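# What the coordinates show
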Amino acid sequence: MTNLHIFNPEHDLALAAGIGNVTPPAPAVRLARGLAYIPAFWADEGDVVLVDDKKRVAEDAQLFKPWMADVEWVDFGELKDWVKNQVSHPFTVVPWGWDAAVCNRMRKAGVRSDALPSDDGLVTVRRLSGRATSVELLRAMKADMPWVEGESVVVHSMDEITQHLMEWGRVVLKSPWSCSGRGVKFISDAADSVTRSFAHTPLAAWAQHILDAQGYLTVEHFLDRVHDFGMEFYAHENGEVEYVGLSVFSAEHGAYSGNIIGSEKQKTELLSCWIPNGTLDTIREWLCIHLQSLLQGMYTGPLGVDMMVVRTPHGYAVNPCVEINLRRTMGHLSLALYQRGVSSGRFTIQNYQLHIYS
């Protein structure tokens, strides 16, 4: 069966909006155009990738052709006709992430409803993608693995934010849905000075806006981050959640910038200077079991759990659940590149372009 792949990096913003008609901001549009070809790294031979400009994308993809599947490029203007021609050839829609906006776009192109998630399914994906899920999962992990680090709570009012400022002093405020560091705000002043001035700052106005628009915020106890990494999974139709590999990545000022490419052994060894032997195995096994329980077959597809190594007064530790992404991630791209023959190296995203250093 043919797969129709779509790179929709505005996915997290579409989840925040929660509606079918969303106008992505300019940076999301530029990223979607600049990286429109990346599904070809994980696609199967003969699959189709939806793009905005076939000629430009084909030219951009030439640089990476040795690592790509032989795919067909279809642009948005051709999509309706392509869908009509598939009447006797069933196909599967495979976006970067499922949301109401991408489903609305597919329906307008004539894609049958049975090839798309139901409205209830979209509501479930949106709910589970919210940062409240990460808070819940981290709490459960700490109960079973008290040696992990991290404190995070869901708040529904400014008073609750102030309460945690007074308790923790240095905190991170996060909106329920955002991507690449957007929707994440740091407060690093001493607790007593912050609580006196917080209510009258632009940050407080931002927090109130998110509370009004999205219903809640999460507040995290600030940790001394040393290195970012994550674990990538795939949720199958039968409900099983399969671990697919480590992601070791970097972020600058909270925004994603690139990934290490390499074997599982290479990435494990890279992290081993901070993380004791066996720790990653324990976390991985726990997540496979509990993600399956959390999702209960309500989501099928790729997902990832972001983590980080942190510095504590007693040495290094792991925050094992900074964020859950119920979508494909750049960590999955790293794994796909390795499987396609990039044995080691890294890639970065700069000026909305992919750069691979092997």
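On a predicted model such as this, the values are computed, not experimentally measured, just so you know.

This part is about the overall build of the chain. Helix and strand counts for the chain stand at 13 helices and 15 strands. Computed over its C-alpha atoms, the radius of gyration of the chain comes to 21 Å, within 12% of the 21 Å expected for a compact globule of 358 residues. Each principal axis of the C-alpha atoms in the chain carries an extent, and together these give about 65 × 45 × 40 Å. For the chain, the proportion of contacts with a sequence separation of at least 24, taken over those separated by at least 6, is 67%. As presented, the chain carries roughly 16,800 Å² of accessible surface, and 49% of it is formed by carbon and sulfur atoms. Across the chain, 31 positive and 42 negative side-chain charges occur, with their mean positions spaced 5 Å apart.

Moving on, we come to the nonpolar core. Counting residues in each nonpolar core, the largest one holds 35 residues, and the members touching the most others are Phe229, Met231, Phe233, Leu287 and Leu291. Of all the secondary-structure elements, those providing two or more residues to this core are α6 (119–129), α7 (131–144), β9 (224–235), β10 (241–252), α12 (279–295), β12 (301–312) and β13 (315–325). With eight residues, α12 is the single largest residue contributor to this core. Judged by nonpolar contacts, the second largest core, of 31 residues, contains Ala40, Trp67, Ile261 and Ile349.

With eleven of twelve residues buried, β12 lies mostly within the body of the structure. In terms of strand pairing, β9 meets β12 through eleven bridges, oriented antiparallel. Among the inter-strand pairings, Tyr234 is bridged to a residue of β12, identified as Pro302. Looking at chain direction, β12 and β13 are connected through eight bridges and run antiparallel.

Under the criterion given, the structure shown has eight aromatic pairs. Centre to centre, the rings of Trp42 and Trp96 are 6.0 Å apart; their planes meet at 40 degrees, and the pair counts as tilted. Residue Trp42 is located in the loop between α2 (26–34) and β2 (48–51), and its partner Trp96 is located in the loop between β4 (91–95) and α5 (100–108); the two are separated by 54 residues in the primary sequence. The same class applies to Trp42 and to Trp96, which are both buried. Linked through ring pairs, Phe7, Trp42 and Trp96 together constitute an aromatic cluster. Positioned over the ring face of Tyr243 is Arg284, at 5.4 Å from the centre of the ring. One Lys or Arg, Arg346, reaches over the ring of Tyr357 and ends 4.4 Å from the middle of that ring.

Analysis parameters
- Residues numbered from 1 in each chain as written.
- Predicted model: local features only at pLDDT ≥ 70, side-chain atom pairs only at ≥ 80, totals over all residues.
- Heavy atoms only, no water.
- Helix = DSSP H or I, 4+ residues; strand = E, 2+ residues; numbered from the N terminus.
- Rg over C-alpha atoms; globule rule 2.2 N^0.38 Å.
- Contact = heavy atoms within 4.5 Å.
- Areas by Shrake-Rupley, 256 points an atom, 1.4 Å probe, with all protein chains shown as cover.
- Lys, Arg positive; Asp, Glu negative; His and termini not counted.
- Charge placed at Lys NZ, Arg CZ, Asp CG, Glu CD.
- Core = buried A, V, L, I, M, F, W, Y, C linked by side-chain atoms within 4.5 Å.
- Buried < 20%, exposed > 50% of the residue type's maximum accessible area, 1.4 Å probe, protein only.
- Pairing = 2+ DSSP bridges.
- Phe/Tyr/Trp six-rings, centres within 6.5 Å; stacked < 30°, edge-to-face > 60°.
- Lys NZ or Arg CZ within 6 Å of the ring centre and 35° of its normal.

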